[in-house]
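Breakdown of the fold
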Amino acid sequence: MVALPLLAQPVFGKSVLREHGFAEATVVEPVFAPASVAPPHSSRTPAPPRSVRLSLTDRCDLACIYCRPHKNDGYKSDRLDLEAWKVMVDGLVRAGVRRVRLTGGEPLLSPFVVDVVRHLATLGLDDLALTTNATRLKELARPLRDAGLRRVNVSLDSLDAERFRRMTRGGDLARVLAGIEAARVAGFDEIKLNAVVVRRENDGELESLVRWSWSKGMTPRLLEVMAIGEGHKMMDQVVTVAEMRQCLAHVTEAAVALQEPERGPARYVRAKHDPTLRVGFISGTSDTYCAGCDRLRVSSDGILRPCLATNDGVAASVAARSGDPQTIVNRVAEAWSLKPDGETWRGCTEETAANVSIRAIGG
């Protein structure tokens, strides 16, 4: 595969200088743009983002094969602290955000994840969720639930201990299963299981993952490998949603898969034997879902990123650290103006996606 070009250096403009006290006329916060052709932007003024994913930390204790090359790929040193995150989320809510998901890296490695949840729970959000690999969920499920977390997504690609260890480069399946059980006992409103389906790895486990999830009262969701970062090297191992549905045809209804309103890109079908049970599919490679995307991402160092498939973004860390939520509102508008036109943009199939670290921004 031909190597893609490295990213360009950040271009600084007016707003970053204003944050440091320079004159208004000299000023644009750093916009991080890829060296390749910029994504197309819509001529329409997009509605403000309603959903945000907060990457509390870029650290992770696993190294899943589709996510990062190894466990020594480097971490940021300028992550936001608790007080800065509080200001950040206050600004995001002022900007119109109604749904928040905490991600990483692995968010449970953040020393203040429970404190961030507790603060978010006071803001009147429509939804507050978290995605985790569950290695630390056994200890934190109850504190998170008590702090106000409503929903949890657990990443689990295999129920075979050796395969799980191989796909995560050292993960302990028993520890993850104990975390899932603790989450069930804690009584979250909903627990979903996320499994990335990799050909010649776990593609023979689809039915067992689905049935096991149903038996635990969870909703399984099966994801295609996406060409983000390490995933772009694995396009020969993509199992499409069409293939997944064919594999599960004997246990699921043949109906058109439907999205949940304002709950992300997954499309769901029901179990044949019990209409209260569902399985979701996320088709980021074979059938992209950029049109209508209302999702903003915030990296652990305070970059507001409008699209998973590019490294474009606007920095808001200075405003967060200085206690200025209104400036964050302005930064959100700047970042959102970089949102690609989902009618022509094809997300993770675009070449810019290969330069993105999915581990650093939480997927």
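Notes on the structure follow.

What counts and how
- In this convention, every chain numbers its residues from 1, walking through the sequence in written order.
- Local features in this predicted model are restricted to residues whose pLDDT is 70 or higher, and side-chain atom pairs enter the listing and the counts only when it is 80 or higher, whereas totals over whole chains, interfaces and linings include all residues.
- Each side-chain value is worked out from all heavy atoms of the structure, with water and hydrogens disregarded.
- Any carboxyl oxygen of Asp or Glu within 4 Å of a side-chain nitrogen of Lys or Arg constitutes a salt bridge here.
- Put simply, DSSP marks the helices as runs of H or I at least four residues long and the strands as runs of E at least two long, and each gets a number from the N terminus on.
- Any residue under 20% of the maximum accessible area for its type is buried, any over 50% is exposed, and the rest in between are partly exposed; the area is computed with a 1.4 Å probe on protein chains only.
- Here a polar contact means two N or O atoms within 3.5 Å. Within protein one must be a hydrogen donor candidate and the other an acceptor candidate, and residues neighboring in sequence count only if both atoms are side-chain atoms.
- By definition in these notes, contact holds between two residues if any of their heavy atoms fall within 4.5 Å.
- Two strands qualify as a pair provided DSSP detects at least 2 bridges between them.

1. Description of the pattern of salt bridges
- Applying the stated criterion across every chain, the model contains 28 salt bridges.
- A salt bridge links Lys 86 to Glu 83, with the shortest nitrogen-to-oxygen separation between them at 3.6 Å. A residue pair is termed a helical-turn pair when its members lie 3 or 4 positions apart in one helix, as Lys 86 and Glu 83 do in helix H2 (residues 82–94) at three residues.
- We classify Lys 86 as partly exposed; its relative accessible area is 26%.
- Two residues, Arg 175 and Glu 139, come together in a salt bridge whose shortest N-O distance is 3.4 Å. Here Glu 139 lies in helix H4 (residues 137–147) and Arg 175 lies in helix H6 (residues 173–186), a separation of 36 residues in the sequence.
- Accessibility expressed as a relative area gives 37% for Arg 175, which makes it partly exposed.
- For Glu 139, a relative accessible area of 42% gives the class partly exposed.
- The structure contains a network of salt bridges with shared partners spanning Asp 127, Arg 151, Glu 190, Lys 192, Glu 260, Arg 263 and Arg 278.

2. Side note on the side chain of Asn 202
- Take Asn 202: it is sitting in the loop between strand S5 (190–197) and helix H7 (206–215).
- Owing to a relative accessible area of 1%, Asn 202 belongs among the buried residues under this scheme.
- Polar side-chain contacts of Asn 202 include one of 2.8 Å to the backbone oxygen of Asp 157.
- Every residue in contact with Asn 202, bar those within four places of it in the chain, is listed here: Asp 157, Arg 163, Met 167, Val 196 and Val 197.

3. Description of the sheet that holds strand S3 (residues 127–132)
- Reading across the sheet, the twelve strands line up as S7-S8-S9-S6-S5-S4-S3-S2-S1-S10-S11-S12 and stay open at both edges, with mixed pairing between neighbours. A single partner strand is all that each edge strand has here, and the edge strands are strand S7 (258–259) and strand S12 (314–315).
- When strand S10 (residues 295–298) meets strand S11 (residues 303–305), the two strands line up antiparallel, connected through two bridges. Directly across from Arg 297, in S11, lies its bridge partner Arg 305.

Read these as spatial facts, not as claims about activity.
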